[in-house]
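Examination of the molecular architecture
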Amino acid sequence: MYAFLILAAWRVMLELSSRLARTRVAFLVVAVIAGRRPALPGQDGGELVYEHGVGASSVAAQANRVLGGR
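Below you will find a few notes about this structure. (Residues numbered from 1 in each chain as written. Predicted model: local features only at pLDDT ≥ 70, side-chain atom pairs only at ≥ 80, totals over all residues. Heavy atoms only, no water.)

Inspection of the entire model under this criterion finds one salt bridge. When the shortest N-O distance is used, the salt bridge between R11 and E15 registers 3.1 Å. Remark: E15 and R11 occur in helix α1 (residues 2-16); sequence separation between them is four residues, near one turn of the helix. (Salt bridge = Lys/Arg side-chain N within 4 Å of Asp/Glu carboxyl O. Helix = DSSP H or I, 4+ residues; strand = E, 2+ residues; numbered from the N terminus.)

What follows covers the packing of α1 against helix α2 (residues 24-36). Running from N to C, α1 and α2 point in directions that differ by 155°, and their axes come no closer than 11 Å. Accordingly, the angle class assigned to the pair α1 and α2 is roughly antiparallel. The two elements α1 and α2 cross, and the hand of that crossing is left-handed. Every residue of α2 that contacts α1 at F4, L7, W10, R11, L14 and E15 is listed here: R24, A26, F27, V30, A31, A34 and G35. Partitioned by chemical class, the residues of the contact of α1 with α2 number nine nonpolar, one polar and three charged. (Axes fitted to C-alpha atoms, helices over the stretch in contact; angles between N-to-C directions. Parallel < 35°, antiparallel > 145°, perpendicular 65-115°, else oblique. Left-handed = near helix turned anticlockwise from the far one by under 90°. Contact = heavy atoms within 4.5 Å. Nonpolar A, V, L, I, M, F, W, Y, C, P; charged D, E, K, R; others polar.)

Below, the structure written as structure tokens:
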């Protein structure tokens, strides 16, 4: 959250000040890195479930208990 607040303030300062124009490339790099960060837990969770089957056997076992072994 704080990274995006800092990026927003940086962006406003870029628009208001011509002296900060030379930091546009740095802003872009930091923004891309910050934008990638929230996606990592979803990617890791997807890999755990779909590639390694984490939690899949427990869900199947629970369904068998609920459905009475059908």
